[in-house]
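Coordinate inspection notes
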Amino acid sequence: MIGWLTRAACALALVALLLGGAGCAKKEEQARQAAAPATEQQEKPQIPEELMTQAARLFGAPFEREVHMKMTYTIEPGETNEYFVYRDARVSRRDDLVVVTSRLVNAPQGLDQGDTLELRKDGVWITAVGGSPLSAPFLAMPAQISEGSKWSYEDSVGQVKMSVDVVAVRKEKVKVPLGEFEAWRIESKGTVQGAGRNGTVRDVSYYVERIGIVKSEMESSGTRAGPEGKPVKTAIKLLLEAIPEP
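Below you will find a few notes about this structure. (Residues numbered from 1 in each chain as written. Predicted model: local features only at pLDDT ≥ 70, side-chain atom pairs only at ≥ 80, totals over all residues. Heavy atoms only, no water.)

Some points on the overall build of the protein chain
Secondary structure assignment for the protein chain yields four helices and twelve strands. Looking at the protein chain as a whole, 50% of its 246 residues are labelled buried. Surface accessibility of the protein chain: about 12,100 Å² in total, with carbon and sulfur atoms responsible for 48%. (Helix = DSSP H or I, 4+ residues; strand = E, 2+ residues; numbered from the N terminus. Buried < 20%, exposed > 50% of the residue type's maximum accessible area, 1.4 Å probe, protein only. Areas by Shrake-Rupley, 256 points an atom, 1.4 Å probe, with all protein chains shown as cover.)

Below, the structure is given as structure tokens:
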């Protein structure tokens, strides 16, 4: 769900109406950071070795690299929009956990509100999606994975419920505009229900240690309430690819 963009975030975002971001968003964000209190300008806390699990690294730990992405968003039968986004990750310590708040700057509404991750000894947990707290944290990826590893989760945000099955298929080479990488291919499929929407979500993502996701292909299809309550079919595709920094 992206590591900064989780499958859960994508599942929820793909059933919402997404709006485009302004091209000057990065400059505005830089200006905001420059004017931010000194506490936000401090160096990121060091992540303890016991929390630098394989999962944490696949989600981008230690989050020192600014990852830029090209996002292509298509609503069938052919309305396509492109966005150029980058990850803004804030790292903090809380008791024996490391908390990461990560968002996509310049992303469409629904993907720009930020997700909250917790790095724990048993893996990476998600506690909030799209700026909204989950009903209960869920394990997004166990601490260690191997070829064929499987896990699943169920959760809800507000009235929207999701159920997702995940499998770590294998390590393979993937080529994106940023370069060629040895990545973990992780596939997921699930259902999203609530708030007048019902649908399925499929996702194939490629995770690279210390970078996070370098490529993700997602599809969502289902129905939503239309005029006079009649169901309307929806079909949405989202492609993310890592690109060189502008």
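Section: the pattern of salt bridges
All told, the structure shown has eight salt bridges when counted by the stated rule. Measuring nitrogen to oxygen at the nearest pair gives 2.9 Å for the salt bridge that ties Glu-209 to Arg-57. Residue Glu-209 is found in the loop between strand 10 (197-208) and strand 11 (212-225), and its partner Arg-57 is found in helix 4 (residues 54-58); the two are separated by 152 residues along the sequence. The exposure class assigned to Glu-209 is partly exposed, which follows from its relative accessible area of 36%. Across the pair Arg-120 and Glu-118 runs a salt bridge, and its minimum N-O distance is 2.7 Å. Note on Arg-120: relative accessible area 22%, which makes it partly exposed. (Salt bridge = Lys/Arg side-chain N within 4 Å of Asp/Glu carboxyl O.)

Things to note about the nonpolar core
One finds Leu-119, Met-141 and Ile-186 to be the most contacted residues of the largest nonpolar core, which totals 36 residues. Setting aside residues no more than four positions away along its own chain, Met-141 makes contact with Ala-55, Leu-58, Phe-59, Asp-122, Gly-123, Val-124, Trp-151, Ile-186 and Tyr-207. Grouped together as the second largest cluster of nonpolar side chains are 22 residues, Met-71, Val-174, Tyr-206 and Ile-211 included. (Core = buried A, V, L, I, M, F, W, Y, C linked by side-chain atoms within 4.5 Å. Contact = heavy atoms within 4.5 Å.)

Let's talk about the environment of Thr-116
Here Thr-116 lies in strand 4 (residues 115-120). Looking at Thr-116, the relative accessible area reads 18%, which means it is buried. Distance from Thr-116 to Ser-132, taken between C-alpha atoms, is 9.2 Å for residues 16 residues apart in sequence.

So, the pairing of strand 11
Alignment of strand 11 against strand 12 (residues 231-243), held across eleven bridges, turns out to be antiparallel. Looking at strand 12, one finds that Gly-222 is bridged to Thr-234. Where strand 11 folds back onto strand 12 in an antiparallel hairpin, the turn is made up of five residues, including Glu-228, whose phi is positive at roughly 60 degrees. (Pairing = 2+ DSSP bridges.)

Overview of the environment of Ala-140
Tracing the sequence through the fold places Ala-140 in strand 6 (residues 132-142). Counting along the chain gives 16 residues from Ala-140 to Val-124, while the straight-line C-alpha distance between them is 5.7 Å.

Examining the packing of aromatic side chains
Both the distance between ring centres and the angle between the ring planes are used here to describe each pair of aromatic rings. Scanning the model with the defined rule gives two aromatic pairs in all. Its end group placed over the ring of Trp-125, Arg-120 keeps NZ or CZ at 4.4 Å from the ring centre. (Phe/Tyr/Trp six-rings, centres within 6.5 Å; stacked < 30°, edge-to-face > 60°. Lys NZ or Arg CZ within 6 Å of the ring centre and 35° of its normal.)

Some remarks on the side chain of His-68
Among the structural elements, His-68 can be located in strand 1 (residues 68-75). Within the structure, the side chain of His-68 is placed 2.8 Å from the side chain of Glu-66, a separation counted as a polar contact. (Polar contact = N/O pair within 3.5 Å; in protein donor to acceptor, adjacent residues only side chain to side chain.)

Considerations on unusual backbone geometry
Among all residues save glycine, negative phi is the norm, and among peptide bonds the norm is trans. That bond from Ala-61 to Pro-62 is cis: its omega, 10 degrees, falls within 30 degrees of zero. Its identity as a non-glycine residue notwithstanding, Phe-63 has a phi of 60 degrees, on the positive side. A positive phi angle, near 70 degrees, is found at Arg-210, a position not held by glycine. Among the secondary structure elements, Arg-210 is positioned in the loop between strand 10 and strand 11. Residue classification places Arg-210 among the partly exposed positions, given a relative accessible area of 46%.

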